[in-house]
Amino acid sequence: MTAAKPQRFASLDVFRGVTIFLMILVNTAGPGAPAFTQLVHAKWIGFTLADLVFPSFLFAMGNAMSFAMRKPIATGPYLANLARRGMIIFALGFLMYWYPFVQHDADGWSLAPFALTRVPGVLQRLALCYVLAGLLVRWLDWKKLVLACVALLLGYWAILLAFSLPGEAYSKTGNAGTLLDLYLLPKEHLYKKDGGFDPEGFLGTLPATVNVIAGYLAGLAILRAGSLERTLRALSVAGLALIVAALAWSPWFPIAKKLWTGPFVLLTVGLALILLALASWLFEVRGVQRGRRFFTILGRNPLAIYLFSELFVITLNLVRIPGYGGLYDWIGIALFQSIVPGAIGSLLCALAYTMVCWAVGWALDRKGLILRA
């Protein structure tokens with residue numbers, strides 16, 4: 001726990017704050033009615049707004065890494081801190097899936113079985129990508145990092161084509177990533193809904209790390225910019241080029257978030273570059289203040305607020321309401337769906353919950369605290 005330092009690059013916190021806002025909104029859609037299509041992840045092949053959230057957070061993490069590494073750091077402490085933070089984030093992700101650590105059945109309360117707890121996950125992928133990207137950016141210059149990104153994307157594609165079951169490179173249960181996960185872990189430790197397929201499986205760390213490195217390179221470009229406006233235009237053009245490249249590649253390698261395909265990486269990096277350039281132009285060049293503090297509050301403590309959002313909704317649903325399930329289910333159905341039925345009611349419920357999480361961020365910010373792993 002450290003006191004907040006003076007803000008030097010507000011648009012990064014705004015970008016990260018918007019990402020956390022959308023992440024909570026997507027993850028806690030109000031029950032009782034289907035959410036709007038764009039707030040639900042694509043079932044397999046395809047792309048929605050919800051699919052942009054996690055890769056944007058990885059991009060923002062890489063962006064922050066470039067600013068954190070402005071001063072030289074001795075190799076020993078750097079590697080130790082990299083490993084320590086990676087392990088803490090991974091452990092937090094695992095404990096989040098194990099929470100509330102107990103379960104209630106016909107025989108009463110008992111410890112939730114470790115053998116049924118998911119091992120891969122969102123924070124776990126974040127941790128693995130953080131460590132791998134941290135090693136690469138430590139010793140490679142920007143040109144070699146670009147080559148590393150190309151190697152990671154093409155290498156991942158080659159692994160899927162070479163080591164998946166025949167004709168199933170892009171299927172859920174026959175692709176090389178799922179086969180690797182099932183080799184390393186029992187099915188009970190993986191995502192429960194797709195028969196052994198885990199959307200945050202270990203092999204997907206390779207292409208997802210490119211999102212982190214791309215954020216690092218964008219931050220590096222901004223730090224070294226002679227003219228910020230010219231650099232932001234260049235980032236926007238690069239973003240458009242990556243989007244075009246993603247669409248051109250997609251007939252051979254489909255855009256799929258759950259498989260984290262190469263074209264999905266190019267598309268999300270392209271969009272992130274454009275959005276970061278827009279945020280930087282608004283808040284750094286034009287000096288816009290409206291909306292800045294709202295999202296900065298979320299962006300300064302993203303990990304703590306994300307963890308709270310995941311754990312608090314589980315806690316609410318521990319309170320059982322007959323005929324509804326948990327307390328959050330009751331809030332969504334009995335309150336919001338009775339007032340505004342359908343997708344709008346689901347969205348309003350999620351917005352209300354997101355504002356509760358924002359209030360936690362506001363309390364931390366008011367005390368000048370930044371909670372770090």
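Residues numbered from 1 in each chain as written. Predicted model: local features only at pLDDT ≥ 70, side-chain atom pairs only at ≥ 80, totals over all residues. Heavy atoms only, no water.

### Some remarks on helix H12 (residues 327–339)
For the record, the criterion: Per the convention used, a helix needs a DSSP run of H or I reaching at least four residues, while a strand needs a run of E reaching at least two, with both numbered from the N terminus. For a helix, the expected span equals 1.5 Å multiplied by the residue count minus one. Exposure categories follow from relative accessible area, calculated using a 1.4 Å probe and restricted to protein chains: below 20% of the type maximum is buried, above 50% is exposed, and the middle band is partly exposed. Arc definition: it is the arc formed by the directions from the helix axis to the C-beta atoms. It only takes one pair of heavy atoms within 4.5 Å for two residues to be counted as in contact.
Taking 1.5 Å per residue, 13 residues should reach 18 Å; H12 reaches 17 Å between its end C-alpha atoms and fits that length. Where H12 is concerned, the buried positions are Tyr328, Gly332 and Gln337. Angularly, the buried residues of H12 cover 90° about the axis, an arc narrow enough to put them on a single face. Residues of H12 that are exposed and point over 90 degrees away from its buried face: Ser338 and Ile339. Contact partners of the buried residues in H12: helix H11 (302–318), strand E5 (325–326) and helix H13 (343–366).

### Quick notes on unusual backbone geometry
A negative phi holds for most residues other than glycine; trans holds for most peptide bonds. Following Tyr99, the chain continues into Pro100 via a peptide bond in cis, with omega recorded as 10°. With respect to the secondary-structure elements, Pro100 resides in the loop between helix H3 (75–98) and strand E2 (102–105). Of note in this structure, Phe101 is not a glycine but carries a positive phi near 75°. Looking at the element boundaries, Phe101 is found in the loop between H3 and E2. By relative accessible area, which is 32% here, Phe101 ends up partly exposed. Positive phi is not limited to glycine here, since Trp260 has a value of about 50°. Looking at where Trp260 falls in the secondary structure, it is placed in the loop between helix H8 (228–249) and helix H9 (262–285).

### Things to note about the state of the cysteines
Two cysteines, two sulfur atoms, one covalent bond between them: this is a disulfide. As a reminder of what qualifies: Any cysteine sulfur atom paired with another within 2.5 Å is treated as part of a disulfide.
Under the definition given, this model contains zero disulfides. Note on Cys129: no disulfide assigned, nearest cysteine sulfur contributed by Cys149 at a separation of 12 Å. With no disulfide partner, Cys357 has as its closest neighbouring cysteine sulfur the one in Cys349, 12 Å distant.

### Examining the domain arrangement of the chain
Selection rule: For each domain, the first and last residues come from an automatic or database assignment. Once two parts are brought into contact, the accessible area they lose, counted with a 1.4 Å probe and summed over both, makes up the buried area. Salt bridges, as used here, are contacts in which a Lys or Arg side-chain nitrogen is within 4 Å of a carboxyl oxygen on Asp or Glu. Counted as a polar contact is a pair of N or O atoms within 3.5 Å, where, for protein atoms, one must be capable of donating a hydrogen and the other of accepting one, and residues adjacent in sequence contribute only when both atoms are in side chains.
Considered domain by domain, the chain is made up of domain 1 (1–40 + 297–306 + 320–372) and domain 2 (44–287). With 20 residues of domain 1 at the interface, the matching set in domain 2 holds 26 residues. For the domain 1 face of the interface with domain 2, the top three residues by lost area are Phe9, Phe15 and Tyr306, together amounting to 31%. Taken together, the links from domain 1 to domain 2 amount to zero salt bridges. Our count for the domain 1 to domain 2 interface comes out at six residue pairs in polar contact (both at pLDDT 80 or more). Only helix H1 (10–27) and H11 provide two or more residues apiece to the side of domain 1 that touches domain 2.

### Things to note about the confidence of the model for the chain
Selection rule: Confidence per residue, as judged by the predictor, is encoded in pLDDT with a range of 0 to 100.
Averaged over every residue, the pLDDT of the chain is 92; the share at 70 or more is 97%. The low-confidence segment residues 1–7, where pLDDT is below 50, has 13 contacts with residues more than four positions distant or belonging to other chains.

### Things to note about the packing of helix H7 (residues 205–223) against H8
Inclusion rule: Inter-axis angles, ranging from 0 to 180 degrees, are taken between N-to-C directions of lines fitted to C-alpha atoms, where helices are fitted over the stretch in contact. Throughout this description, any angle smaller than 35 degrees is read as roughly parallel, any larger than 145 degrees as roughly antiparallel, any in the 65 to 115 degree range as roughly perpendicular, and the remainder as oblique. Take the far helix as the reference: if the near one is turned anticlockwise from it by less than a right angle, the crossing is left-handed, and if turned clockwise, right-handed.
Orientation of H7 relative to H8, taken along the N-to-C sense of each, is 155°, at an axis distance of 9 Å. Classified by the angle their axes make, H7 and H8 are roughly antiparallel. Between H7 and H8 lies a crossing whose hand is right-handed. Contact residues: H7 offers Ala218, Ala221 and Ile222, while H8 offers Leu228, Thr231, Leu232 and Leu235.

### Re the packing of aromatic side chains
Here the distance between the centres and the angle between the planes together describe a pair of aromatic rings. Where we set the bar: Each Phe, Tyr or Trp ring, with Trp reduced to its six-membered ring, pairs with another whose centre is within 6.5 Å; inter-plane angles below 30 degrees give stacked pairs, above 60 give edge-to-face pairs, and intermediate values give tilted ones. The criterion for a charge sitting over a ring is simple: Lys NZ or Arg CZ within 6 Å of the ring centre, and within 35 degrees of the ring normal.
Throughout the structure, instances matching the rule amount to 21 aromatic pairs. Put simply, the rings of Phe94, Trp98, Tyr99, Phe101 and Phe114 touch in pairs and so form one group of aromatic residues. Sitting over the face of the ring of Tyr130, Arg85 holds its NZ or CZ atom 5.2 Å from the ring centroid.

### Regarding a nonpolar patch on the surface
Stated formally: Only residues whose relative accessible area exceeds 30% and that form no salt bridge are eligible for patches; like-charged ones are grouped when within 9 Å, while nonpolar side chains (Val, Leu, Ile, Met, Phe, Trp, Tyr) are grouped when within 5 Å. The protein chains shown are the only cover counted for residues, whose accessible areas, like all others here, come from Shrake-Rupley with a 1.4 Å probe.
A grouping of Leu95, Phe101, Val102, Trp109 and Leu111 is seen on the molecular surface, where their side chains present a nonpolar patch of about 510 Å² in accessible area. The residue Leu95 is located in helix H3 in this model.

### Considerations on the environment of Leu266
Within the secondary structure, Leu266 sits in helix H9. Along the sequence, Leu266 and Leu318 sit 52 residues apart, while their C-alpha atoms lie 40 Å from each other. Those residues in contact with Leu266 that sit more than four places away from it in its chain are Leu153, Leu242, Ile243, Ala245, Ala246 and Trp249.

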